[in-house]
Every structure is written in C-alpha cells, then in structure tokens.
Amino acid sequence: MTEKDTGTENIIIDEMTNPSLSKSGGDPGITPLSPSHIQQGDTDQVESGMSFVVVVAIDFGTTSSGYAYAFTKEPECIHTMRRWEGGDPGVSNQKTPTTILLTPDRKFHSFGYAARDFYHDLDPSESKHWLYLEKFKMKLHTTANLSTDTEIHAANGKRVKALDIFAYALAFFKEQALKELSDQTGSEFDNSNVRWVITVPAIWKMPAKQFMREAAYKSALVSRENPEQLIIALEPEAASIYCRKLRLHQMVDLGTQTTQNGFSPNDNVGSGMTQVSPGDRYVVMDCGGGTVDLTVHQIRLPEGHLKELYKASGGPYGSIGVDYEFEKLLCKIFGQDFIDQFKIKRPAAWVDLMIAFESRKRAAAPERTNPLNINLPFSFIDYYKKYRGHSVDHALRKSNVDFVKWSSQGMLRMNPDAMNTLFKPTIDHIIQHLTELFEKPEVSDIKFLFLVGGFAESTLLQQAVQNMLQGRCRIIIPHDVGLTILKGAVLFGLDPSVIKVRRSPLTYGVGVLNRFVDSKHPPEKLLIKDGTRWCTDVFDTFIAADQSVALGEMVKRSYTPAKPSQQIIVIHIYCSEKESVGFISEPGVRKCGTLRLDVSGTESSAPRREIQTLMQFGDTEIRAMAIDVSTGRTVKASVDFLSH
C-alpha cells in the first residue's frame, strides 16, 4: 500500500450526503487513502476461466443483422448462419433486415424478412394497429440520457420501450442459433455452453454498451449472475481481427484493378502480397447502416496481438443518411405534410417504397449513365390524389426538381446524377472525417485501409475514398465485406485478449476536495469546514482521453466511509472529451455514471475502514471491483452509466 501523497489530501465529494456544501460538491464523504496511480494488473484476469463449447456472435446492425459461430475445438472453422427465408432482389441475404413486428397487444410476432412480409400483407385497416420497427438501433447513439425507460417509435407512430425491442431481437437470435446448434450436434444444445458476443459501434458511449448488456439480461441470453458469458465487441475491432488474417484471394485491392460493386472479376490481387505483417499500421473503416467507425491498429510481435494507435472515431454517417436524403427529396416534391400523413396512414406502403429505393440505391455507381427507376406503391399514387386532389405526375411537373421524372409505368425515374446527389452529404461527412484522421500525428505511415461493412460495397464511396487518399495507402475490401464484422467477432470471442492496448475515448474521473492552496486554487472554490480550508470540485483523473491503456490494467483508489455505519458508498463518475481537466465544473465535463460500493456486512473493528477500488479501462466495457482491506472480503462494486 503506497503512502498518501504528502501535502495533498483528496477527499471524495459524495453528493448523496449533503448537497448544500457547494454547487456540485457535498460532504467529504470518503477520503482516498492512496494517491492516483495506475497499477499494471495481470492480464489473465480478463479471461474468465469459464469453459465454453461454442462462441456465437450476433451482429446487431442498424439495417441488417445476423449471427455466426465457431466451436472452440475448431476455431478456424467459422459458420455463418443458415440462409434466411425471403430476401430482396439485388440484395444478398446472408443477413436479415433488422426489422421487428409486434402484435396490436405488443407481443413479439416476427423478426427480419418474416416481419416485413407479414406486415406488408396486412390489410391497411389492420396494419395501422400492428407495431413495426426498423432502423431503431441508432436511437442508442442519439439519445442523450439513455435509460432503461427510453422509448422508440413504431411505424404507426406508437411508442414502445427500446429495452423490450432490443430484448425481443436478442431472444430471437438466441432461439435461431440454439436451434441451428442443436441440429448440428444432434441433441438439445444447452445455452450455458455458449459464449455470446454482441457487436456495437466503437464510437458508442458507455451507456449504449450497458444498455445492450441490460437487453441481453432481459432476453435471458445470459444471466446477471454470469456476466462473463457475454462479451461486448467493438465492430471495427472485430473487423480488424478478421482483416489481419486475410489471404490474397479473400480481398480486392482497389488500387490494382477495377471492381464491380466491391467484388473483383478475378480472385487474385496480382500486385505482390497484401498480407498484414508485424509492425504494420492500418486503418479499419467500418461503414454500416447507421454509423461509420474508424480504428487505427498496429500488429505487435511476437504473437501478432493488436495495439490501438488512436482512439476510435467516426459518427452517424451510415448509409441510412442516403435514405433520409431521398425522404427529403420526396418532401420537396410532394410536400412534408403529405409524406408525414402517408407514413402514419399507410405505414406498410411507406416500408415498400423504402425497400424499392434500397435496391436502386445499391445500383448507383460513378460511371452510370442510364436512369434508375423506383416503383411507387399504388397506394402512394392513390392516397396522393385523394389528399391533394391532383396526380403524382402533376406534382412532379410543378416541383422544381428537374432530375426526377414520372414514367407512365408508375415509377419515379431518377437520372444517375440525382442519385449521386443523395449520397453526397453522407459521403462528404465520411471523407471529411477520414481527412482529419489522416492529419493526426499518431496516424502516420499507414500501410492499408480496410473498407468493411455493408456500405463499403458502394462504388461511390469507394471512389471518394480513393480520390481522397491519392495512393497514400492501399485500400483493401474483403470479399465478404458484409460478414467481416461477424466473423471477426467470433474470433474475438474465442480470444478476447487479442487486442492488448486500447485508447480511452474519454477522460474519466471523480470529484474530490483538496487542501486549499492560495497560489493554486481559485477563491470561489474555497470551502471552510471545521476550521479546515478545502478546494471543492477538483477533478481527480482516473484516465485521460486518448491515453493508452493495456488490457487488465487497473486504476486503483482507496476510500474510507464517512461514518462507520455507512452501508453504501455512491461516487459520481465524470467524463470529458478534453485530455486535461482541472475541475468537475468546467465546460464539457458531465456526470456520466456512478460507482456503487456496497459495504454492508463488512463491518470491522478497525478505526478507519479502507475500501480499495480497482477500475479496469482496457476492455470494451469499464469494470470495477473492490476489497475491504482490513477483512480481505470482496465488496460488491458496480459502475452504472444509464440515467435513472
């Protein structure tokens, strides 16, 4: 146990005890007994010692989802899920759409193509009572105060609890995967033999990751008693694990040949070896439906482990941005009021229209010259005439949109430039982000850029990335680009310690009271209590943004309860995007979570009880554990990032 720093005495601000002390401070509830220091923990703690027969990864995407698995005895053999029923023209259906249908009394009905087809076949008078949800994953990224009560809207405008929807989806995948495993092994497969992996975007904040875990508990995928049965994997990290093992015939090098829709006519990349070697630095750009996520990795000897060189970055620049642009175009032609009404009154027809758009969206290409036709559902044409009193054709002539014409077969005819314009805002965002990333000093000497995720198949996006990079590094697209994350997530589940060093996306810390020093502290932070002068609101940093943190590395603090009778210690955790923070009251610092120490039942005769807290930041989730030093007993510690 290291001695306390001489002269600086930190006291934790515990807001639960006496909020009147200062605007964000409270009673000096618990005193850290040891200085801020990071101890290198044993990386073996990461591995849970539980033995699993199979790893099943669920790629829960914004637009499409799926699962893959591998038996631990045959880790090289990754099985992707069986082909799904249904499917769309021009869309490969190894994954299924992330769509969910609930009955009018809010019971789970179906998922994926089955949900979409059933909803489509309902009579409009019936369908408006059913709850159909799609593209709902983005709600976790965009909601500021995410809680277990956060709601999302179904197509008919009704609200449902997001946690229920996510739990229904996970329960569906659990059932499908266990059924397939039972068929494979010839007997009922027990869920306790499965290690589950769920993928999330790397740019998601802690509340969204915790929300996914809560949904997994609710769906009975895993139980709270066995949290280590579920691993949260970061999408671009999973892709990176897969990409570093790629062989020549499994990818396309954009620089050396023309590609059709991301797939090459011949299998061989010709120009030398494209294998990633030890020491190589590379970027993985995961372009999905909702987000674009970038990670920068380096392969380290001797075992080929991965080290993150720059914190994960990206934003909500996924392919659904193109859908929103199409919707804006429809509003411009037919009026926002009509589109809003149509979505509520004819929700199934609106879904049909967006499916029709999706397949044409995939046909967009830089050198395309012939127009793209989008089928308008009959009910759209019919409802528009009732609503406005004139025809769709009239609306198009009247609008100032000259690149969309009406064809007598009941289609919107878009010239290729018009389609490319719909892509432009989303692609511009991605390119701007990529440009800024490549200007960072940590992101130098990059050898490869791996383009993965469903949106990576877009030749418009591929061309924009090529133009921006100007040959600075090789651009590689894996053949099964939409399944890269899924396969990588299985590999991650088989060996979670493969990524040895990560970068913290944010600065985390707690508010403490320090002894007031006139030359150092601002006078407005002075607090006098029992004759002692304290400085309030001091930010005690656990870990700084973009700081390297090794797997299993621990941040260690010791606290003592304010009163011997105290049963629960609640410590507020603050975070900021800035690397150095002085006070919790600074702009950009927000309360993001709580650390709860349950010290009941650990009473001891020691005059000052010392609770030693260890926090782990090197994993995909932040974990805490605590020990009562005098008794050596484990104290129940939990970190909570959801709003209540």
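The structure contained in this document is the topic of the report that follows. (Residues numbered from 1 in each chain as written. Predicted model: local features only at pLDDT ≥ 70, side-chain atom pairs only at ≥ 80, totals over all residues. Heavy atoms only, no water.)

### Topic: the overall build of the protein
So, step 1. Of the regular secondary structure elements, the protein holds 14 helices and 34 strands.
So, step 2. For the protein, with 644 residues in total, the buried portion stands at 58%.
So, step 3. When contacts within the protein are restricted to residue pairs at least 6 apart in sequence, long-range pairs at least 24 apart make up 70% of them. (Helix = DSSP H or I, 4+ residues; strand = E, 2+ residues; numbered from the N terminus. Buried < 20%, exposed > 50% of the residue type's maximum accessible area, 1.4 Å probe, protein only. Contact = heavy atoms within 4.5 Å.)

### A few points about the pattern of salt bridges
So, step 1. Enumeration according to the criterion identifies 27 salt bridges in this entry.
So, step 2. Residue D480 is joined to K487 by a salt bridge in which the shortest nitrogen-to-oxygen separation is 2.4 Å. Exposure class is identical for D480 and K487. Each is buried.
So, step 3. Residue E586 is joined to K578 by a salt bridge in which the shortest nitrogen-to-oxygen separation is 3.5 Å. (Salt bridge = Lys/Arg side-chain N within 4 Å of Asp/Glu carboxyl O.)

### Let's talk about the state of the cysteines
So, step 1. One pass over the structure, following the stated rule, counts zero disulfides.
So, step 2. Left without a disulfide partner, C575 is nearest to the cysteine sulfur of C592, which lies 3.5 Å away. (Disulfide = S-S within 2.5 Å.)

### A closer look at the sheet that holds strand β21 (residues 411-414)
So, step 1. Read across the open sheet, the three strands follow the order β19-β21-β20; overall the sheet is antiparallel. Each having just a single partner strand, β19 (372-375) and β20 (404-407) make up the two edges of the open sheet. Strand-to-strand twist of the sheet, defined as the mean angle between neighbouring strand axes without regard to direction, takes the value 30°.
So, step 2. In the sheet, β20 pairs with β21 via four bridges, with the strands oriented antiparallel. (Pairing = 2+ DSSP bridges. Axes fitted to C-alpha atoms, helices over the stretch in contact; angles between N-to-C directions.)

### Here we look at helix α4 (residues 162-185)
So, step 1. Compared with an ideal rise of 1.5 Å per residue, which puts 24 residues at 34 Å, α4 spans 35 Å between its outermost C-alpha atoms and is within 8% of the ideal.
So, step 2. Residue G186 follows α4 closely and has a positive phi angle near 80°. (Expected span 1.5 Å × (residues − 1).)

### Digging into the nonpolar core
So, step 1. Of all hydrophobic cores here, the largest spans 66 residues; its most connected members are V283, M285, F334, F380, L449 and V465.
So, step 2. With 10 residues, the single largest contributor to this core is helix α12 (residues 416-438).
So, step 3. Grouped together as the second largest cluster of nonpolar side chains are 50 residues, A154, F172, A208 and L221 included. (Core = buried A, V, L, I, M, F, W, Y, C linked by side-chain atoms within 4.5 Å.)

### Looking at the packing of aromatic side chains
So, step 1. What the rule picks out here adds up to 31 aromatic pairs.
So, step 2. Ring plane angle 20° and centroid distance 5.2 Å describe the contact between F60 and F166, whose orientation is recorded as stacked. Placement of the pair is F60 in strand β4 (residues 54-60) and F166 in helix α4, with a sequence separation of 106 residues. The residues F60 and F166 share a single accessibility class, namely buried.
So, step 3. Each ring, one from Y508 and one from F617, has its centre 5.7 Å from the other, and the planes form 35°; the classification is tilted. Here the residue Y508 occupies a position in strand β25 (residues 507-515), and F617 occupies one in the loop between β32 (611-616) and β33 (623-628), the gap between them amounting to 109 residues.
So, step 4. Members of the aromatic cluster, connected to one another through ring pairs, are F334, F338, F342, F380, Y383, Y384 and Y387. (Phe/Tyr/Trp six-rings, centres within 6.5 Å; stacked < 30°, edge-to-face > 60°.)

### Points about the sheet that holds strand β22 (residues 448-452)
So, step 1. One open sheet holds the eight strands; their spatial order is β15-β23-β22-β16-β17-β18-β24-β28, and the pairing between them is mixed. Looking along the sheet, the strands with just one partner apiece sit at the ends: β15 (251-253) and β28 (548-550). Neighbouring strand axes in the sheet, compared pairwise and without regard to direction, differ in orientation by 25° on average.
So, step 2. Inspection of the sheet shows strand β17 (residues 292-300) paired to strand β18 (residues 305-315) by eight bridges, in the antiparallel sense. Directly across from V292, in β18, lies its bridge partner G315.

### Structural notes on the environment of C287
So, step 1. For C287, the position within the fold is in strand β16 (residues 281-287).
So, step 2. Along the chain, C287 and P316 lie 29 residues apart, while their C-alpha atoms are 10.0 Å from each other.
So, step 3. Filtering out sequence-adjacent residues up to four positions away, C287 remains in contact with V292, L451, V452, G453, G454, F455, A456 and L461.

### Comments concerning the environment of R281
So, step 1. Along the polypeptide, R281 turns up in strand β16.
So, step 2. C-alpha of R281 to C-alpha of I446: the two residues are 165 residues apart in sequence and 5.1 Å apart in space.
So, step 3. Excluding residues that lie within four positions of it along the chain, R281 makes contacts with H297, Q298, L309, E442, S444, D445, I446, K447 and F448.
So, step 4. From its side chain, R281 meets the backbone oxygen of S444 in a polar contact 3.0 Å long. (Polar contact = N/O pair within 3.5 Å; in protein donor to acceptor, adjacent residues only side chain to side chain.)

### Considerations on unusual backbone geometry
So, step 1. The phi dihedral of Q470 falls on the positive side, at around 50°, and the residue is not glycine.
So, step 2. Tracing the backbone through its elements, the reader meets Q470 in the loop between α13 (459-469) and β23 (474-478).

### Quick look at the pairing of β19
So, step 1. Across the two faces of β19 the burial differs, with L372 and I374 buried and N373 and N375 not buried at all.
So, step 2. As judged from the four bridges shared by β19 and β21, these two strands associate in the antiparallel manner. Among the inter-strand pairings, I374 is bridged to a residue of β21, identified as L412.

### Describing the packing of α12 against α13
So, step 1. Put simply, α12 and α13 touch, their axes get as near as 10 Å, and they point 35° apart. At the point where α12 passes α13, the crossing takes the right-handed sense. Of the residues in α13, those touching α12 at N420, F423, I427, I430, I431, L434, T435 and F438 are L460, L461, A464, V465, M468 and L469.
So, step 2. A breakdown of the residues in the contact of α12 with α13 according to their chemical character gives 12 nonpolar, two polar and no charged. (Left-handed = near helix turned anticlockwise from the far one by under 90°. Nonpolar A, V, L, I, M, F, W, Y, C, P; charged D, E, K, R; others polar.)

### Overview of the pairing of β23
So, step 1. Counting buried positions over the five residues of β23 gives four, a clear majority of the element.
So, step 2. Sheet topology places β15 next to β23; three bridges connect them, and they run antiparallel. Residue M251 lies in a different strand from β23, and its bridge partner there is P478.
So, step 3. Between the parallel elements β22 and β23, the chain passes through α13 in a crossover that is right-handed. (Right-handed = clockwise from strand over helix to strand, strands pointing away.)

### Details of the packing of helix α6 (residues 235-243) against helix α14 (residues 484-494)
So, step 1. It is at 7 Å that the axes of α6 and α14 come closest, and there the two elements cross at 85°. Here α6 lies roughly perpendicular to α14, going by the angle between them. Two secondary-structure elements touch here, α6 through E235, A238, A239, I241, Y242 and C243 and α14 through T484, I485, K487, G488, A489, L491 and F492.
So, step 2. Residues that form the contact of α6 with α14 fall into these classes: nine nonpolar, two polar and two charged. (Parallel < 35°, antiparallel > 145°, perpendicular 65-115°, else oblique.)

### So, the side chain of D619
So, step 1. By secondary structure assignment, the location of D619 is in the loop between β32 and β33.
So, step 2. Within polar-contact distance, the side chain of D619 engages the side chain of R623 at 2.8 Å.

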